[in-house]
Every structure is written in structure tokens, then in C-alpha cells.
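One letter stands for each residue in the lines below.
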Amino acid sequence: MRQILLASLLLWLVSGVQAQEYSSYADQLSRLQALSKAWPSLVKLQSITKTNGGKDCWLLTIGTGKTESKPAIAVIGGTEGNHLLGVEMALGFAENLLKGSGTDSIKNLLARTTYYVFPNMSPDATEQYFAKLRYERYGNATDTDDDRDGKLNEDGVDDLDGNGKITLMRIASPIGDYRTHPDDARILVKADAAKGEKGKYRLLTEGFDNDKDGYLNEDGEGGIALNKNFTYKHNTFAAGSGDYPASEKETRAMLDFLFDAFNVYAVVSFGSNNNLSTPIAYNPLLARERILAGYLEPDARVNGMVSELYNKVTGLKDAPRTNPGGGDLLSWGYFHYTRYSFSTPGWWVPKAKADTAKKEKPFTVEDPAANYLRWAQQQGITNTFTEWKTIQHPDYPDQQVEVGGLDPFVLVNPPYKLVGGIVKKHTDFLVKLAGQQAEIDVVNLKTEKLGNGLTRIRLDLINRGGLATHPKLAERSYFLKKLKVAVNNTGNQQIVGGKKITLLNSLEAAGSQSFSWLIKGNGKLTIDVGCPTAGTKQVEVTL
Amino acid sequence: MKRILLVSLSLLTLSMGQLRAQAPEQMFKAAGSPVNPKVTVTWNKYYDHAGIGEICKKIAAAYPNLAKFESIGKSYQGRDLWCLTITDFKKGDPTRKPGMYIDGNIHSNEIQGAEFALYTAWYLTESFGDTRFIQELLEDKVFYIIPTINPDGRDSYIHKPNNASSPRSGLLPVDNDADGLIDEDSYEDLNGDGNITLMRRKSPNGRFKTDPRDPRNMIQAGVDERGEWELLGIEGIDKDGDGRVSEDGYTFQYDPNRDWGWGWQPNYIQNGAYKYPFSLPENRAVMEFVMKHPNIAAAQSFHNAGGMILRGPGGQEDVNTYNAQDLQVYDAIGKKGEELLPGYKYLVVYKDLYSAYGGELDWFYAGRGIYTYSNELWTPYLMYMKEGSRDLFDNPTYSFDRYLLFQDAFVPWKEYDHPQYGKVEIGGFKKNFTRAHPGFLLESDAHRNMAFSIYHCYSTPKLEVQSITEKDLGDGLKEVTAVVANQRMMPTHSSQDTKNKIERPDLISLSTSGKILAGMTVENKDLNLTTEQKNNPQTIEVPNIPGLGAVTVKWIVQGGGKYSVTVDSRKGGIVSGTK
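Quick word on the overall build of chain B
Moving on, step 1. Helix and strand content of chain B: 13 helices and 23 strands.
Moving on, step 2. Considering only C-alpha atoms, chain B reaches an extent of 105 × 75 × 45 Å along its principal axes.
Moving on, step 3. In chain B, the share of contacts with a sequence separation of at least 24, taken over all contacts with a separation of at least 6, comes to 74%.

Quick look at the structure:
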């Protein structure tokens with residue numbers, strides 16, 4: 001009774017800070033602190049670094065006992081600064097999991113799995129949503145010279161129409177390469193010269209050429225984008241990428257933590273890249289390149305299996321195709337961290353069907369903004385489009401300049417009322433993914449007495465999980481512990497056949513491996529098997 | 001009492017006399033060497049990290065106007081990374097002079113790089129007084145000299161039992177065999193002589209036999225003859241009982257020269273890579289120092305061994321990074337190096353050596369646009385001034401040790417009772433031979449390598465405002481044309497730099513009492529081909545000032561009269577001219 005009371009009290013405490021709108025940095029922190037207060041035995045909250053903007057990057061470790069020795073999943077939000085949903089998904093997952101931690105299924109889960117939740121790895125950038133001037137920002141607070149002219153942050157966006165949001169700017173021009181969308185005049189689309197289409201507008205982001213160098217908004221505030229700063233195919237010198245990989249504190253803090261976390265077998269990050277709706281296909285040519293550019297075949301198979309699980313659990317479809325752009329977390333997780341790596345945006349604007357009652361027709365030109373506006377209208381979402389309005393622009397005197405367009409953030413972040421459902425589905429997925437993790441066990445343990453104190457020990461090592469103990473690629477990795485089989489013989493026990501220590505690169509899903517030893521001596525000895533990504537076991541043998 | 005006083009007085013004079021070995025009048029200058037240096041250094045031995053630091057401090061104390069001493073950061077174990085800045089501090093702003101960066105010892109066992117780098121600092125300061133060339137050089141240029149960028153490894157090599165190749169890495173611990181235990185099975189100095197040598201065992205089934213030319217050596221038995229020795233590898237035992245000897249020691253944790261931020265690849269592609277670029281504190285400190293000194297235009301790192309002057313790229317993927325214009329500069333300096341350094345060959349890492357990703361020289365060039373060489377110091381050529389092989393068991397190595405080093409470099413074979421191998425013999429070359437220079441050859445090769453660095457540094461840009469001319473256009477308009485020339489072979493921006501805009505453009509500014517109406521770069525003065533810079537015309541931005549070439553800029557000025565033109569280049573310095 002008292003337990004139930006306590007549990008409901010905790011639930012009340014947590015629901016007390018239940019958010020109704022995307023959480024700002026301060027709100028994220030109070031939600032995290034509420035969790036660590038409510039479940040102190042299951043949760044450890046720590047800051048892994050402070051950004052140049054003075055914000056902490058938090059890490060929430062969820063698990064029981066020696067969390068560092070249990071197979072673990074890293075869950076990462078804030079991969080991209082405009083993706084507030086990812087922060088909600090990571091944070092909401094932690095909340096849901098802990099709220100359910102009284103149930104047997106979650107208890108069992110947390111007895112064998114650790115979750116490392118990084119709720120927001122781009123806190124400098126996500127805060128722009130809550131700032132006086134709202135715009136989609138990827139970069140952190142590091143001062144940068146995006147246009148490499150020797151000056152830092154000298155030409156950013158400007159709110160010309162004073163609505164507190166940065167939208168678009170169109171300039172009527174015979175050399176413009178944009179035209180109005182044939183089905184929705186509010187939207188501009190690229191004119192295709194090959195089809196004889198003529199452009200009418202130049203399309204730019206809202207702002208002045210503050211430094212008068214002839215380029216608009218080319219070097220604004222912020223910074224380096226986390227999802228461009230990782231080491232795999234880093235686009236060195238590209239704006240927002242950094243002059244060298246892992247140049248940023250956020251990136252390094254995460255890498256330092258994860259490289260020492262030998263128990264992590266999967267990284268699940270939330271961001272624009274998506275290999276969960278559609279898995280990354282095996283490409284034998286790319287998989288053979290010296291600088292590996294494609295998944296190894298067994299690892300592509302696992303991606304396919306996990307993708308199937310994801311689609312089944314979440315029921316999401318029609319995901320836009322994505323292509324990791326280099327320096328990204330998804331690719332790093334596999335190619336450089338050599339763990340299973342997954343990423344999903346969690347939500348995308350559904351394909352809006354033409355409303356025949358309103359005499360709408362299917363779009364003649366596919367365009368995300370046009371699709372969004374149609375969908376938003378059907379959902380009763382209003383006020384997310386700023387009508388084009390003519391302004392006087394000092395950089396374009398005597399030209400017709402209009403400011404307007406779709407609100408920032410709306411294409412990747414759903415209305416907040418949808419967030420709860422999305423979080424729920426992804427919580428289920430993260431729980432089910434842990435159900436697939438490798439689990440080492442020992443079966444068919446047999447001893448045969450061969451006479452004169454000589455005993456033969458035989459056993460089979462098996463993996464009961466749906467995932468291999470290590471991805472195929474991890475067999476080459478420096479930063480994983482191998483699967484170890486160690487015979488702990490005592491002074492009067494001599495190993496006369498077989499190895500005292502055997503290191504295996506991997507044991508695949510449902511795989512097994514037989515061992516045998518010849519031991520001279522008597523009494524008891526133990527054999528330790530396992531590795532941090534698949535758990536450990538000890539068996540006792542009587543000689 | 002008087003006697004005691006006298007004795008202590010004579011002791012005092014004696015000790016003073018020891019400080020200054022010889023009276024100046026007793027010495028006669030050998031050409032090209034400081035005859036009576038303020039800082040006495042013996043260049044036929046090696047110094048540990050503290051010893052290197054002490055020499056640095058002495059140089060800075062003796063020549064306050066030529067040398068500044070600082071620590072640019074700390075190693076993993078907390079040792080300082082000491083840096084000497086060498087320039088004529090009385091002339092010009094040192095941060096605006098074209099800079100030459102020199103380091104050594106990135107690999108722990110490759111120690112002589114520190115002495116070679118330090119020799120450069122010592123020579124420049126001690127020769128400044130009576131060498132006009134050095135005076136001019138230090139007026140124009142600045143040297144940043146970090147003798148060892150791996151002091152933990154250096155001290156470990158010197159003070160702990162090792163062989164000539166160990167340790168290669170710094171001392172941040174790594175679980176090399178991924179068994180969950182760190183450094184549990186390292187080399188073992190079984191005979192306690194401070195060297196890690198070799199183990200051999202008499203065996204009728206061995207495939208080696210005693211070398212008739214030198215009984216310390218073993219050579220392969222012929223296919224049709226029986227051998228007498230089994231080679232058991234490097235001194236050690238299987239401490240953790242995993243069936244492997246010395247597989248997880250501190251001697252090879254990682255390779256600090258695979259940790260740099262260009263073309264970096266993870267360990268499974270590039271053996272030795274650590275977690276991410278600059279994940280090692282020593283390299284991070286160097287990187288931050290270089291980022292803070294955009295005036296560095298040239299760089300040199302010292303390794304051993306093999307007698308090579310190496311340039312990038314380290315990976316074949318980067319072949320196109322080096323364009324023809326940069327290769328001309330690289331080749332000119334590299335070929336000069338072959339002349340200055342007998343026995344050394346100018347080579348390209350990826351094609352003449354092996355592919356290596358994430359190397360220091362690749363980051364310096366491709367990541368920062370700095371012309372960089374890595375010299376592999378010491379070559380067997382220097383033993384008998386003729387080509388010799390690098391093979392440890394090659395007989396010239398033995399004969400050199402016998403006749404020139406009097407067997408000082410060899411630990412004689414001696415029996416040892418090994419817990420796993422039984423009766424073995426332990427012996428072989430000491431750690432200070434085969435890769436490190438023998439004492440008597442150290443100073444001369446240090447001098448030659450320094451000469452190469454000086455030539456390299458001399459080749460960095462030297463800008464001048466060659467001419468300012470005024471032409472009357474009528475109606476009160478004047479056309480002012482300035483020619484800015486670069487007197488040396490290196491451009492202000494390497495092609496990699498221009499391509500990626502690593503450093504900002506060079507700025508050519510006009511200051512005049514008149515009103516500047518327009519400014520432009522002149523592509524062809526004779527045919528009047530120009531490109532106007534519409535914004536901010538008083539400061540013309542040019543992407544590059546080519547080596548031994550010039551750029552021309554032009555302004556249209558209303559009024560005017562006196563003109564002052566200033567060139568501000570990150571790697572070319574600041575110069576002005578007036579008319």
C-alpha cells in the first residue's frame with residue numbers, strides 16, 4: 001500500500017512538470033532534475049561538458065547496479081539544433097521508462113540493460129526557438145568565420161518585418177531562378193530551365209548584407225553544427241563543420257564518454273537522418289573500399305531486421321529518403337564507433353491528400369512547403385505562414401522585395417499535441433530493441449574423468465540474443481572488449497590442454513562455439529565468459 | 001684559517017673555470033660554428049625532458065632579445081611542452097613575421113629530433129652576433145621550436161628499459177588486446193640492464209647460425225644446412241597466460257602521428273589512431289598553438305630513422321590536394337635538402353613509404369596550408385658514407401659498432417633461465433643504437449638538418465611594396481597603381497590554402513588624403529585588364545601573392561597627393577611603402 005502511495009506521489013511529481021509546449025533549456029533541466037529526484041536509485045544525472053554558450057550537455061544514465069557492465073543503448077537528442085522533437089523524444093523516453101519502472105517488464109529490462117540518454121547535444125542552437133528572434137539554427141555558440149574572410153559572425157539574419165521570426169525574402173528579378181508554385185501561389189519553387197520554365201524571383205533568407213561584401217547572411221551567429229562535426233567523412237572547411245573533426249566541446253565530450261563506454265552496443269539518435277524507416281542497403285563495392293564507405297553485409301542485415309522492428313512498433317510510413325551528409329552522428333556511430341547505429345526524425349509531415357470536397361487536386365509539383373500547408377489546413381493549424389509583404393530594402397534599392405513564407409521549425413517539429421504519441425511509440429521501440437540484445441550463456445557443460453586426476457571439461461558458449469555480441473565491423477575495433485573465455489584455475493590445477501584465456505571477436509545471433517580443456521588436479525574451478533556488450537556469466541566446475 | 005680561505009677561494013675559481021671551459025684567447029673559431037657560446041652545450045649526447053628544458057631556459061636567459069621561453073601545454077602525465085620563440089625581438093612584431101615551426105620526438109623513441117630542434121635554437125642565438133645572414137633572417141622571420149612534443153614518451157624511453165623502437169607512443173594507457181585488462185603484458189627487462197634486447201635459444205632445429213664475420217650476429221642458415229639458433233623475439237614473458245608474449249604493454253598504446261585532423265581514419269583503417277583527431281593532449285596543445293599563430297608558413301618535424309626528407313600526402317586519396325604550383329616549391333626545397341643532407345632522400349609518404357592517415361605533416365599542409373617536411377633522421381649511410389641496409393642484422397652495423405664504437409652499443413649474449421622458454425640467451429644492440437645517432441655524428445647531422453630548416457624558413461614569403469605610381473586622369477581624378485612583390489619562392493597562400501580559403505586574403509590598403517572612389521586588382525597592366533572590388537575599395541583583398549612574383553592593384557582617387565600603401569598578409573607579414 002505504502003509503495004503504491006509512493007509511486008502515485010512520484011507520478012504526480014513528474015506530471016507536475018509535464019510540458020505542454022516544447023521545453024526550453026531551463027525546462028529540460030527541471031524535467032531532468034525531477035527524474036533524478038524521483039528515481040534516485042535508477043538514475044544518475046551528470047553534465048558532460050559546458051558549451052561555449054555556457055549551457056550544460058546533460059547525460060542521464062538509467063539502469064540498476066553496475067550500469068557500466070551491462071549492455072547499453074545510447075539515446076541521443078538534439079543531434080540537430082532545429083529538431084526540438086528529438087530533445088522531447090529522448091527526454092520523454094526517459095520519463096516514460098522511469099514511470100513504468102515499477103512494472104516487472106521494465107524492472108527486468110533495467111536489470112540487464114543500461115540506457116545512456118543524452119537529451120540535448122545542441123543546447124546553444126535549440127534555444128533559438130525560444131529566443132526573441134526565432135529561426136532554425138544548427139550551430140552552437142562558437143564564433144566562426146563561415147565565409148573565411150577573417151571576420152567572425154559579421155553577417156547574420158535580420159528580422160526585416162519585425163514578426164520575431166526569420167522567414168524568406170523574395171526579390172522580383174528577370175534573372176531569378178524561382179517561380180510561384182502552380183497549385184499554391186504562396187510557395188516558390190525552382191524554375192526548371194530544361195522544361196522551358198522561367199524564373200521570376202530570387203529567393204533569399206530574411207536579412208541585410210550587414211558587412212556589405214555582396215553576400216547575404218553568409219556568416220551569422222552560430223557556430224558549429226554537432227551533426228557536421230563528427231569524424232566520418234567530415235567536410236573540413238565547409239560552413240558549420242569546423243576546421244577539423246570533433247573540434248567542438250559537445251562532440252568531444254560525447255566521444256570521450258562513449259569511447260570509454262565499452263558496454264554500448266547500439267546508438268539511437270534523433271535527427272534528420274533515417275535508417276530506421278528504410279535500412280541502409282548492402283553495397284558490396286562500398287563495403288570493400290579501403291576507407292570503408294558501406295555497411296558490411298551482416299551489419300546491413302541487422303539494420304534491416306531492426307528497421308522492420310521499428311516500422312512494426314511505430315507504424316510510421318512515407319518517410320522521406322535521407323542521405324547522411326558527412327560528419328554526421330549516424331555514420332560515426334557505425335563507421336567509427338563500430339556499434340549498431342540508428343537514427344530517425346521521429347516525425348515528418350504526412351502526405352496530404354487532395355480534399356476533393358474543396359476541389360483540390362493532387363499537386364502537379366511535389367514540394368514540402370506546399371504539402372505542409374495543405375496538411376496544416378486539414379489539421380486546422382493556422383498562423384504558420386507569413387503572407388508576402390513588400391518592404392524597402394537598402395541593399396536592393398529600386399527593387400521589389402517581399403518578406404514572407406513558412407514559419408521556421410514547422411517542417412520538422414509537429415504541433416506539440418502530437419509529441420506524446422510519438423514519444424510513446426519510440427519508447428516502445430527502444431524497449432523492444434533492448435529485447436534483441438546479445439546475451440551470452442553457457443550450455444552443455446560436461447566433465448569427463450580421464451583417470452589419474454585428469455579431467456576433460458567441455459561446454460558450448462551460446463548467444464541467446466537477436467543481435468551479434470559485436471557488429472561485424474567491431475571485430476576490427478580498438479575500442480571494444482572482445483568476448484573472453486577465461487579459466488580460473490587454482491594453484492594445484494594445471495591446464496594441460498586448451499587455453500587459459502581465449503578472446504573471440506564476436507558471437508553472432510543464435511551462434512555457438514564449443515570449448516574443451518584438459519585439467520590435471522582436483523577441486524573446483526570457475527570459468528568466466530562474456531563481454532560488456534553481451535553480459536557476463538560464471539560457471540563452476542567440479543573436477 | 002688563511003689556508004682554509006685560500007683553499008675555498010681556489011675551489012671557487014676552479015668551479016668558475018669549469019663553467020667557462022676555456023679562456024676566449026685560447027680558442028680559435030672553426031668556420032660556421034660559435035666559438036665561445038654563452039650557453040655551453042655538448043652535442044654528442046642526449047638529454048631527458050628536464051635536461052632539454054634546462055638548455056631552453058639557459059638560451060632564453062642568455063639572449064633575452066632573441067629567445068623567449070614558454071610552455072604551450074601539458075602532456076598526459078603533466079610534463080610541460082616547452083617552446084622557444086627565436087627572432088630579433090627588437091625589430092618588428094614577432095607575431096607578424098613569417099614563421100617556421102619545428103618540433104621533434106613525436107614518437108617517443110625517436111629522440112634525436114629534440115636535440116636537432118634545440119641545436120637550431122642554440123645555433124641561431126649563438127651565431128647572431130657575428131653572422132650577418134642570421135641577423136637578417138631573424139629580423140624577417142620567427143622560429144617556433146618545440147624540441148619534444150612527447151615528453152612523457154621521451155623520459156620513458158630514456159629512463160625505462162626499452163629497445164631502439166620502444167616506446168613509440170605516448171603513455172596514455174590502452175588495452176591493446178581488448179581483453180579488458182590494461183598493459184598487463186609488457187616487455188620485460190629480464191636481465192635488468194635497462195635495455196630490452198633479444199632472446200635466442202640453442203636448438204638443433206633452429207634456422208639461424210652464428211655469423212662467421214662477427215660471432216655476436218646470427219644469419220639465416222642455408223636451405224640445405226642445419227642451423228643452431230632459434231630466435232624467440234624481444235625480451236619478455238607471457239605474464240597473463242594468454243599464450244602471447246608482451247602483447248599488451250605500454251610501449252605501443254597508439255601512434256601520436258596518426259592523431260591529426262586531416263584525412264583522419266579510425267584504428268581499424270589506420271593502425272595507431274586514437275579516438276578522434278587531437279584526442280591526445282600533446283597534439284591538441286600543438287594544434288591550438290598553430291591555430292593561434294597563423295603566421296606559421298613553414299614547418300618541420302623530426303623523426304627517425306632512414307635518412308628521408310618526407311612530404312605528404314600520407315594517403316593516396318589526397319594526391320590532388322598537392323597541385324603543380326605547390327609541388328614546385330616542395331620539390332625545390334626538398335631537392336636542396338638532398339644536397340645539404342648526404343644520405344637523405346626526398347620522398348613522398350604515400351608512394352615511397354606507406355599510406356598513413358592522420359599524420360602531422362598532412363594536417364599542417366592540408367589542414368593549415370603550411371609547407372611541411374618530416375625528416376627521418378639517421379641513416380646507415382652515415383656509418384661508412386655509403387649505402388647500407390636498415391637491417392639490424394646487417395654486418396656493417398656490427399662492424400661499425402666494433403671498429404668505431406668499440407662494442408659500446410651491444411649487450412653481449414648471456415645465458416638466462418626463462419620461466420617459459422627454459423635456458424635462453426639475452427643480448428643484442430642497446431636502445432641507443434640503430435635508430436639514434438652515435439654521439440660523434442650527432443652534431444654534424446644536427447647542423448645539416450638545421451641548415452635545411454633555415455633554407456626552408458628563408459623561402460617563406462618576403463613582401464615589398466615595389467612601386468607606387470600616380471597617373472593624372474583629368475577632372476581631378478588620379479589613378480594610383482601599386483605593385484606588391486614577393487621576393488621569395490613561397491606564395492603567401494599555398495594552393496591548398498587558396499582553394500579552401502584557410503587563411504583570409506592578403507589586404508592591400510591605400511591611405512591618402514584624397515577620396516578613394518574605386519579600387520581594383522590589375523590582372524594585366526599592359527592590356528588594362530582589371531577586376532573592380534566594389535565594396536570597401538580602399539582595402540583590396542587579393543587571394544594570394546605568388547612566390548617570386550607580384551600583384552598589382554589600382555585605385556581611382558579624387559584629390560590625393562601623398563600615398564601610403566600597406567600590405568597585410570597572415571603568412572607574408574606587414575610591409576608598407578609611400579609616395
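Remarks on the pairing of strand β12 (residues 371-377) of chain B
Residues and elements named next belong to chain B.
Moving on, step 1. The buried count for β12 comes to seven of seven residues, which makes it a mostly enclosed element.
Moving on, step 2. Residues Y371, Y373, N375 and L377 line one face of β12 and the alternating positions T372, S374 and E376 line the opposite face, and both faces are buried.
Moving on, step 3. Strand direction decides the pairing type here: strand β9 (residues 296-304) and β12, joined by seven bridges, are parallel. Considered in β12, the bridge of S301 is made with S374.
Moving on, step 4. As paired strands, strand β10 (residues 308-311) and β12 are joined by three bridges and run antiparallel to one another. Bridged to L310 within β12 is S374.

Some points on the environment of A446 of chain B
Residue and element names in this part refer to chain B.
Moving on, step 1. Mapped onto the fold, A446 is located in helix α12 (residues 439-458).
Moving on, step 2. Of the residues examined, A446 has 24 C-beta atoms within 10 Å and is grouped as buried.
Moving on, step 3. As for A446 and G343, which are separated by 103 residues in sequence, their C-alpha atoms are 14 Å apart.
Moving on, step 4. Those residues in contact with A446, other than ones at most four positions away along the chain, are W43, E115, F116 and Y119.

Some words on the packing of helix α7 (residues 297-314) of chain A against helix α10 (residues 419-434) of chain A
Residues and elements named next belong to chain A.
Moving on, step 1. Close contact between α7 and α10 brings their axes to 9 Å; oriented N to C, the two are set at 145°. Both α7 and α10 take part in a crossing whose hand is right-handed. Residue-level contacts link V306, L309, Y310, V313 and T314 of α7 to K425, H426, D428, F429, K432 and L433 of α10.

Focus on the sheet that holds strand β20 (residues 539-542) of chain B
All names here are of chain B.
Moving on, step 1. One open sheet holds the four strands; their spatial order is β20-β17-β22-β23, and the pairing between them is antiparallel. Of all the strands in the sheet, the pair left with one neighbour each is β20 and β23 (573-578). Averaged over neighbouring strand pairs, the angle between their axes works out to 15° when direction is ignored.
Moving on, step 2. Where strand β22 (residues 563-569) lies against β23, six bridges are found, and the strand directions are antiparallel. Pairing of S569 across the sheet is with G573, part of β23.

Digging into the sheet that holds strand β21 (residues 550-558) of chain B
Sheet strands pair via backbone hydrogen bonds, and the direction of the pair is either parallel or antiparallel.
Residues and elements named next belong to chain B.
Moving on, step 1. Spatial strand order, β15-β16-β21-β18-β19: five strands in an open sheet with antiparallel pairing. Edge positions in the open sheet fall to β15 (463-474) and β19 (529-532), since each of these has one partner strand only. Across this sheet, the average inter-strand angle for adjacent strands is 30°, counted without regard to direction.
Moving on, step 2. The pairing of strand β18 (residues 515-524) with β21 spans seven bridges and is antiparallel. Paired with I516 across the two strands is V557, which belongs to β21.

Considering the domain arrangement of chain A
Residue and element names in this part refer to chain A.
Moving on, step 1. Partitioning chain A into domains gives domain 1 (23-128 + 224-348 + 414-434), domain 2 (145-221 + 350-411) and domain 3 (440-542).
Moving on, step 2. A straight line from the C-alpha centre of domain 1 to that of domain 3 covers 33 Å.
Moving on, step 3. Contacts between the two partners involve 16 residues from domain 1 and, on the opposite side, 13 residues from domain 3.
Moving on, step 4. The dominant element in the side of domain 1 that touches domain 3, judged by the number of residues it contributes, is α7, at three residues.
Moving on, step 5. Split by residue class, the side of domain 1 that touches domain 3 holds nine nonpolar, three polar and four charged.

Digging into unusual backbone geometry
Moving on, step 1. A cis geometry characterises the amide bond from N304 of chain B onward to A305 of chain B, with omega recorded as 0°.
Moving on, step 2. The omega torsion of the bond from G312 of chain B to P313 of chain B falls at 0°, within 30 degrees of zero and hence cis.
Moving on, step 3. Here P313 of chain B is to be found in the loop between β10 and α7 (324-340).
Moving on, step 4. The phi dihedral of F409 of chain A falls on the positive side, at around 80°, and the residue is not glycine.
Moving on, step 5. The residue F409 of chain A is located in the loop between β12 (401-406) and α10 in this model.
Moving on, step 6. Taking the C-beta count within 10 Å as the criterion, F409 of chain A has 19 such neighbours and is therefore assigned partly exposed.
Moving on, step 7. Positioned with a positive phi, W378 of chain B is a non-glycine residue whose angle comes to about 70°.
Moving on, step 8. Mapping W378 of chain B onto the fold places it in the loop between β12 and α10 (381-384).

Comments concerning the packing of helix α3 (residues 112-127) of chain B against α12 of chain B
Think of two packed helices as two axes; the pair is described by the angle between the axes and how far apart they sit.
All names here are of chain B.
Moving on, step 1. The interhelical angle for the contact between α3 and α12, taken along N-to-C directions, is 65°, at an axis separation of 9 Å. Classified by the angle between their axes, α3 and α12 sit roughly perpendicular to one another. Here α3 and α12 pass one another in a crossing that is right-handed. Residues Q112, E115, F116, Y119, T120 and Y123 of α3 form the contact with α12, whose own contacting residues are L442, A446, H447, N449, M450 and S453.
Moving on, step 2. Here the residues of the contact of α3 with α12 are counted per class, giving six nonpolar, five polar and one charged.

Here we look at the confidence of the model for chain A
Moving on, step 1. In this model, chain A carries a mean pLDDT of 95, and residues with pLDDT of at least 70 account for 97%.
Moving on, step 2. Across residues 8-17 of chain A, confidence stays below pLDDT 50; counting only partners more than four residues off in sequence or on other chains, it has 11 contacts.

A look at the nonpolar core
Moving on, step 1. If you look at the biggest cluster of nonpolar residues, it comprises 198 residues, and the most contacted ones within it are V75 and A90 of chain A.
Moving on, step 2. Examining the composition of this core, we find that 10 residues originate from one element, helix α3 (residues 84-99) of chain A, more than from any other.
Moving on, step 3. Residue contacts for A90 of chain A: discarding those within four places in its chain leaves V75, I76, G77, V117, F118, P119 and F270 of chain A.
Moving on, step 4. Listed in part, the 16 residues of the second largest apolar core include I508, L510, V551 and V553 of chain B.

How each quantity is defined
- Residues numbered from 1 in each chain as written.
- Chains lettered and ligands numbered in written order.
- Predicted model: local features only at pLDDT ≥ 70, side-chain atom pairs only at ≥ 80, totals over all residues.
- Helix = DSSP H or I, 4+ residues; strand = E, 2+ residues; numbered from the N terminus.
- Contact = placed C-beta atoms within 7 Å.
- Buried ≥ 20, exposed ≤ 12 C-beta atoms within 10 Å, placed from the backbone.
- Pairing = 2+ DSSP bridges.
- Axes fitted to C-alpha atoms, helices over the stretch in contact; angles between N-to-C directions.
- Left-handed = near helix turned anticlockwise from the far one by under 90°.
- Domains from an automatic or database assignment.
- Nonpolar A, V, L, I, M, F, W, Y, C, P; charged D, E, K, R; others polar.
- Parallel < 35°, antiparallel > 145°, perpendicular 65-115°, else oblique.
- pLDDT = per-residue confidence, 0-100.
- Core = buried A, V, L, I, M, F, W, Y, C linked by C-beta atoms within 7 Å.

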